[in-house]
Amino acid sequence: MAVLVEAISVIIRAERIIEIFSDWEKFKTTIPNRTLCADGEIVRVGFLSPAEVEQFCEQLEVAGLIYREHGKAKDLSVADQQRGLIYPTPWLECGKIPWKGSGDQLITACRLRGSELKEVVVPDDWEWEGSLSNEFGFVGTEADPWGEAN
């Protein structure tokens, strides 16, 4: 299977969550919003700002997950809806695919590399209409109103 990627998504290997947290419910208490979705192989939590992503990744690292090692993502990775994976992630594939077979409704999704599962999992209340996949827009800051700094 695969998981939806919208805005900026933290993607985590499901097996590592169980190893570190030993309990799915315990892991779910770390999720700060309603963007969680999981396909049994990987887990996704979405955020709107890099600061939120950084804070969540730091929280996961404190728990024992490793974000980067030797220049590559290890237990978790970060994917941007428009740019794809932020760091090389040998265990993950990410790209644009048609939502429910519709060529004019593209979403970004990630899946475990080599996975045979084809379905895309989305958060419980997610719908195409009104989604960031349908109406993507970047909100700049006062210092960078066009979102061009990098």
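Just above sits the structure.
Here the structure is a predicted model, which is why all the values come from computation and not from measurement.

(A) Geometry of helix α1 (residues 14-21). Buried within α1 are the following residues: Ala14, Arg16, Ile17 and Phe21. Seen from one end, α1 has its buried residues packed into an arc of 155°, which puts them on one side. Tucked inside the fold, the buried residues of α1 contact β2 (8-13), α2 (24-28), β4 (42-47) and α3 (50-63). Following α1 by one or two positions, Ser22 has its phi on the positive side, about 60°.

(B) Representation of the pairing of strand β10 (residues 102-112). Note: strand β1 (residues 2-5) against β10, 3 bridges, orientation antiparallel. Bridge assignment links Val3 to a residue of β10, and that residue is Cys110. Relative to β10, strand β9 (residues 92-99) is paired through 8 bridges, and the arrangement is antiparallel. In the sheet register, Leu92 faces β10, and the bridge partner there is Leu112. The turn joining β9 and β10, which pair antiparallel and follow one another in sequence, is formed by 2 residues; a positive phi near 50° is taken by Lys100.

(C) Highlighting the sheet that holds strand β11 (residues 120-121). Spatially, 4 strands are ordered β9-β10-β1-β11 in an open sheet, and the strand pairing comes out mixed. Looking at strand neighbours, the two that pair on one side only are β9 and β11, the edges of this open sheet. Judged from the 2 bridges that link them, β1 and β11 form a sheet pairing that is parallel. The partner of Ala2 across the bridge, within β11, is Val120.

(D) Here's a closer look at the nonpolar core. If you look at the biggest cluster of nonpolar residues, it comprises 19 residues, and the most contacted ones within it are Val10, Ile12, Phe27, Phe56, Leu60 and Leu76. Broken down by secondary-structure element, the contributors of at least two residues to this core are β2, α1, β4, α3 and β7 (76-80). Looking at this core, the element that brings in the most residues is α3, giving 4 residues. Dropping the residues within four chain positions of it, Ile12 is found in contact with Ile17, Phe27, Glu41, Ile42, Val43, Phe56, Leu60, Leu65, Asp75, Leu76 and Trp91.

(E) Quick peek at the sheet that holds β7. An order of β3-β4-β2-β7-β8 is seen for the 5 strands of this open sheet, with the pairing classed as antiparallel. Each edge of the open sheet is held by one strand with a lone partner, namely β3 (37-38) and β8 (84-85). Relative to β4, β2 runs antiparallel, the two being bridged by 6 bridges. When the bridges of β4 are listed, Ile12 appears paired with Val43. Lying on the sheet, α3 is in contact with β2, β4 and β7; it crosses β2 at an angle near 15°.

(F) Summary view of the pattern of salt bridges. Applying the stated rule across the entire model yields 8 salt bridges. Between Arg13 and Glu15 there is a salt bridge whose closest N-O contact spans 3.6 Å. Under the relative-accessibility criterion, Glu15 is labelled partly exposed at 48%. One salt bridge connects Glu69 with Lys74, and the closest N-O pair in it is separated by 3.5 Å. One network of salt bridges, with partners in common, ties together Arg16, Glu19 and Asp75.

(G) A look at the packing of aromatic side chains. Going through the model one piece at a time under the given rule, you end up with 5 aromatic pairs. Seen in terms of ring centroids, Trp24 and Phe27 are 5.5 Å apart; in terms of plane orientation they differ by 35°. Their pairing is tilted. You can see Trp24 and its partner Phe27 sitting in helix α2, 3 residues apart, about one turn around the helix. The exposure class assigned to Trp24 is partly exposed, which follows from its relative accessible area of 29%. Three or more aromatic residues link up through ring pairs in this structure, and these residues are Phe21, Trp24 and Phe27. A cation over an aromatic ring shows up here: Arg68 above the ring of Tyr67, its NZ or CZ 4.5 Å from the ring centre.

Thresholds applied
- Residues numbered from 1 in each chain as written.
- Predicted model: local features only at pLDDT ≥ 70, side-chain atom pairs only at ≥ 80, totals over all residues.
- Heavy atoms only, no water.
- Buried < 20%, exposed > 50% of the residue type's maximum accessible area, 1.4 Å probe, protein only.
- Helix = DSSP H or I, 4+ residues; strand = E, 2+ residues; numbered from the N terminus.
- Arc of directions from axis to C-beta.
- Contact = heavy atoms within 4.5 Å.
- Pairing = 2+ DSSP bridges.
- Core = buried A, V, L, I, M, F, W, Y, C linked by side-chain atoms within 4.5 Å.
- Axes fitted to C-alpha atoms, helices over the stretch in contact; angles between N-to-C directions.
- Salt bridge = Lys/Arg side-chain N within 4 Å of Asp/Glu carboxyl O.
- Phe/Tyr/Trp six-rings, centres within 6.5 Å; stacked < 30°, edge-to-face > 60°.
- Lys NZ or Arg CZ within 6 Å of the ring centre and 35° of its normal.

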